[in-house]
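A look at the structure
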There are 2 protein chains.
Amino acid sequence: MTVNRQIHLVSRPQGEPSAANFKLVEAAVPALTEGQVLVRNHYLSLDPYMRGRMNEGKSYAAPQPLDAVMIGGTVGEVVDSKNDHFKVGDKVVGMGGWQEYQLVDANQRGVLQKVDTTHIPLSAYLGAVGMPGVTGWYGLVKIIDPKPGETVVVSAASGAVGGAVGQLAKARGARAVGLAGGPDKCRQVVEELGFDACIDYKQHPDVKSLSTALKEACPKGIDGYFENVGGIILDAVMLRANAFSRIAMCGMISGYNGEPIPMQYPQLILSNRMKIEGFIVSEHMEVWPEALKELGTLVATGKFKYRETVADGIASAPEAFLGLLKGKNFGKQLVKLI
Amino acid sequence: MTVNRQIHLVSRPQGEPSAANFKLVEAAVPALTEGQVLVRNHYLSLDPYMRGRMNEGKSYAAPQPLDAVMIGGTVGEVVDSKNDHFKVGDKVVGMGGWQEYQLVDANQRGVLQKVDTTHIPLSAYLGAVGMPGVTGWYGLVKIIDPKPGETVVVSAASGAVGGAVGQLAKARGARAVGLAGGPDKCRQVVEELGFDACIDYKQHPDVKSLSTALKEACPKGIDGYFENVGGIILDAVMLRANAFSRIAMCGMISGYNGEPIPMQYPQLILSNRMKIEGFIVSEHMEVWPEALKELGTLVATGKFKYRETVADGIASAPEAFLGLLKGKNFGKQLVKLI
């Protein structure tokens, strides 16, 4: 019997989540029925959206059920198949969850995608050439739509999404300015990812100080902002926003534990004729082919830089996830499962 | 010598404006030079945007200069002309300011427009078929873009802009819900303007109470919101906003005196994938012909309802304007100048 080690959510966090909300469970891998595919997951993706799913109550997606495998994107290899479209050895990307094996009814359209690892590493399909990359692409291209010479700011710039935003902005002739936590991340954002500047927000504990730093880094003001964080960072950016600037609202990690995060100056939306738009990339599947084509080409030709932080083994997933929420990761946070 | 009575701004308000910020001044009407037109203003339009112009400091428009005639839209009649395009007796709309006569270099394109008063009253060109009407049209049609069966909410619903938003929403098959101050205004919004419901915000002093009232008036949630006010009304609306809802941000009268008016729940922009867009109608002159065609046809055929509150004589303009800021007007606030 093959043992499948899984992480279940066993309780909902009150405020900040902890390791006690999760539990390692061993399950047997059942026999395949017709149409099914068994995947050995190689990497699990950890992403901030998972924090939202841990809460009860209304959001854009149903909450993660208790006592069930945590939701999550995975890449892996087909190890058994009773489906004509998949054969043993195929590399695949899917939503395999926090577990080592995934049994999929692969006749459902879109649940499992074959990927080509000739020029692109398997793990990149969870980052630069996966959901985080397309998320950055959508907000930048479809909402911010920067013109050459404009200035684009992105928070959590050293993360998988932020790194994509900045590099795609540079490719369009815009100035890219990042916000990240700590001097090491800021150095990487500028030196490795090629941003024009990066502000260490930890050095600027209030709106005024952060706004002054943004003024220096963005001498012509801010035309586009990709929001991953919320709170005082959003306020400080809005104080430097130009007329007709655009904000793509992708995440508000500062409010995930239920803290109030008011926007202090909504009147700037009017006086600067701004556009602010929230989005969830999974609702825009129509752009994925175009986005993945650009991202895949950039990665395959070595023009797109990214880093990965890799935790080892399914048992390490909860701690790695809690670290991600605190910004301990560098680039894309993965868990290696094999 | 013809005496031209004018209202000047003589000081800037500290917080709430008062009559002492204005002064009645008598000036002589100078002789016309080639190309000029002299207009006897019949009506002056008073509008909330003027409050913003009274402040020093950066906004989307230059501040109103001190010791000069207050800016304002006017309709009137040509009483003298040294310009081939205008003759005595022509009815015109322009930015004549708070004064009885207006001397215009009418060769500048767009400073003076002839209007047809056969089927549309002259004063309507300052309201339903003027800037307020086009403002409502732009936010509703170009930003909210309601589908039949959707619900559109507008604050300051009994005002000239709000009344246009609701009636244009109804014409597009949407449910129109207003917010207005007091039972008389609410009755007019429903009975005269044809809204489906109107909430007296004065009966709901906090977000929770207002949000409950909105839930009753909008059983299917809110798909579009036309914002004239800001503050807790915006918060309450956002708590009832549907996925993919749109907010057209046109005014934030609650913050005009410098009070903080934070948006309490910006995370709803993300969780509901909302779009919020600020706009100023004078920056979208390309839509005016289309908007005025629809509004003019509705007014000329009696299908569009509006009210006017008319103050008498230029000397009454400051008090009428202060009343407008406190919501004392019913529909479009005008000053009759002749």
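Residues numbered from 1 in each chain as written. Chains lettered and ligands numbered in written order. Predicted model: local features only at pLDDT ≥ 70, side-chain atom pairs only at ≥ 80, totals over all residues. Heavy atoms only, no water.

Within an unreviewed UniProt entry, the label attached to chain A reads NADP-dependent oxidoreductase, and the organism entered is Roseateles violae.

Here we look at the overall build of chain A
When helices and strands are tallied, chain A shows 9 helices and 16 strands. The principal-axis extent of the C-alpha atoms belonging to chain A is close to 65 × 45 × 35 Å. Expressed as a percentage of the 338 residues in chain A, the buried residues total 57%. Within chain A, contacts between residues at least 6 apart in sequence are counted, and of these 67% link residues at least 24 apart. Summed over its atoms, the accessible surface of chain A is roughly 14,100 Å², and 52% of this surface lies on carbon and sulfur atoms. Distance between charge centroids for chain A: 4 Å, based on 35 positive and 34 negative side chains. (Helix = DSSP H or I, 4+ residues; strand = E, 2+ residues; numbered from the N terminus. Buried < 20%, exposed > 50% of the residue type's maximum accessible area, 1.4 Å probe, protein only. Contact = heavy atoms within 4.5 Å. Areas by Shrake-Rupley, 256 points an atom, 1.4 Å probe, with all protein chains shown as cover. Lys, Arg positive; Asp, Glu negative; His and termini not counted. Charge placed at Lys NZ, Arg CZ, Asp CG, Glu CD.)

Description of unusual backbone geometry
Residue and element names in this part refer to chain A. Despite not being glycine, R273 has its phi angle at roughly 45°, a positive value. Considering the arrangement of structural elements, one finds R273 in the loop between helix 7 (267-271) and strand 14 (275-278). With a relative accessible area of 11%, R273 lands in the buried category.

Some details on the nonpolar core
Counting residues in hydrophobic clusters, the biggest one holds 60 residues, and the most contacted among them are A:V153, A:I269, B:V153 and B:I269. Dropping the residues within four chain positions of it, B:V153 is found in contact with B:V177, B:L179, B:L214, B:C218, B:I222, B:G224, B:Y225, B:F226 and B:V237. (Core = buried A, V, L, I, M, F, W, Y, C linked by side-chain atoms within 4.5 Å.)

A closer look at the packing of helix 2 (residues 131-144) of chain A against helix 3 (residues 160-171) of chain A
All names here are of chain A. In the contact formed by helix 2 and helix 3, the axes pass within 8 Å of each other and the chain directions differ by 45°. Comparing their axes, helix 3 and helix 2 come out oblique. The crossing of helix 2 and helix 3 is right-handed. In contact with P132, G133, T135, G136, W137 and L140 of helix 2, helix 3 contributes A160, V161, A164, V165, L168 and A169. Here the contact of helix 2 with helix 3 is built from residues that sort into 9 nonpolar, 3 polar and no charged. (Axes fitted to C-alpha atoms, helices over the stretch in contact; angles between N-to-C directions. Parallel < 35°, antiparallel > 145°, perpendicular 65-115°, else oblique. Left-handed = near helix turned anticlockwise from the far one by under 90°. Nonpolar A, V, L, I, M, F, W, Y, C, P; charged D, E, K, R; others polar.)

Some thoughts on the domain arrangement of chain A
Residues and elements named next belong to chain A. When cut into domains, chain A gives domain 1 (3-127 + 307-336) and domain 2 (131-282). Taking the mean C-alpha position of each, domain 1 and domain 2 sit 29 Å from one another. At the junction of the two partners, domain 1 supplies 19 residues and domain 2 supplies 14 residues. With both sides pooled, the region where domain 1 packs onto domain 2 buries about 1,300 Å², and carbon together with sulfur makes up 58% of that total. The tally of links from domain 1 across to domain 2 stands at 1 salt bridge. (Domains from an automatic or database assignment. Buried area = accessible area lost by both parts, 1.4 Å probe. Salt bridge = Lys/Arg side-chain N within 4 Å of Asp/Glu carboxyl O.)

A word on the pairing of strand 6 (residues 91-94) of chain A
All names here are of chain A. In the sheet, strand 5 (residues 74-81) pairs with strand 6 via 4 bridges, with the strands oriented antiparallel. Note that in strand 6 the partner of G76 across the bridge is V92. Inspection of the sheet shows strand 6 paired to strand 8 (residues 112-114) by 3 bridges, in the antiparallel sense. Among the inter-strand pairings, G94 is bridged to a residue of strand 8, identified as L112. (Pairing = 2+ DSSP bridges.)

Things to note about the interface of chain B and chain A
If you look at the interface, chain B gives 27 residues, while chain A gives 27 residues. Taking both partners together, chain B and chain A bury about 2,400 Å²; carbon and sulfur atoms supply 64% of that area. On inspection of chain B and its partner chain A, the count reaches 2 salt bridges. Inspection of the chain B/chain A interface yields 6 residue pairs in polar contact (both at pLDDT 80 or more). Looking at the side of chain B that touches chain A, the elements that each hand over two or more residues are strand 13 (241-249), helix 7 (267-271) and strand 14 (275-278) of chain B. Its residues assigned to classes, the side of chain B that touches chain A comprises 15 nonpolar, 7 polar and 5 charged. Here strand 14 of chain A pairs with strand 14 of chain B via 3 bridges, running antiparallel. What sits directly across from A:K275, in strand 14 of chain B, is B:E277. (Polar contact = N/O pair within 3.5 Å; in protein donor to acceptor, adjacent residues only side chain to side chain.)

Comments concerning the sheet that holds strand 4 (residues 68-69) of chain A
All names here are of chain A. The strand order across the open sheet built from 3 strands is 2-1-4, with neighbouring strands paired in antiparallel fashion. Each edge of the open sheet is held by one strand with a lone partner, namely strand 2 (22-28) and strand 4. Judged from the 2 bridges that link them, strand 1 (residues 3-9) and strand 4 form a sheet pairing that is antiparallel. The residue of strand 4 that forms the bridge with H8 is V69.

Points about the sheet that holds strand 12 (residues 222-227) of chain A
The 12 strands are arranged 11(A)-10(A)-9(A)-12(A)-13(A)-14(A)-14(B)-13(B)-12(B)-9(B)-10(B)-11(B) in an open sheet whose pairing can be described as mixed. Only two strands of the sheet have a single neighbouring strand rather than two, namely strand 11 (197-200) of chain A together with strand 11 (197-200) of chain B. Between one strand axis and the next, the sheet turns through 15° on average, direction left out of account. The pairing of strand 13 (residues 241-249) of chain A with strand 14 of chain A spans 4 bridges and is parallel. Its bridge partner being in strand 14 of chain A, A:M249 is matched across the sheet by A:G278.

A closer look at the side chain of B:Q64
Among the structural elements, B:Q64 can be located in the loop between helix 1 (49-54) and strand 4 (68-69). According to the relative accessible area criterion, B:Q64 is buried, its value standing at 5%.

Brief notes about helix 5 (residues 207-217) of chain B
Residue and element names in this part refer to chain B. Among all positions in helix 5, only V207, L210, S211, A213, L214 and A217 are buried. Angularly, the buried residues of helix 5 cover 160° about the axis, an arc narrow enough to put them on a single face. Residues of helix 5 that are exposed and point more than 90 degrees away from the buried face comprise K208, K215 and E216. Its buried side turned inward, helix 5 meets strand 9 (151-154), strand 10 (175-180), strand 11, strand 12 (222-227) and helix 6 (232-238). (Arc of directions from axis to C-beta.)

Regarding the pairing of strand 3 (residues 36-45) of chain B
Residues and elements named next belong to chain B. Here strand 3 lies mainly inside the structure; 10 of its 10 residues are buried. Both strand 3 and strand 7 (residues 101-105) contribute to a ladder of 5 bridges, which runs antiparallel. Within the sheet, the bridge partner assigned to Q36 lies in strand 7 and is D105. Looking at chain direction, strand 3 and strand 5 (residues 74-81) are connected through 7 bridges and run antiparallel. Residue pairing for strand 5: L44 is matched across the bridge by T74. Bridge count between strand 3 and strand 16 (residues 332-336): 3 bridges; the pairing is antiparallel. Bridge assignment links Y43 to a residue of strand 16, and that residue is K336.

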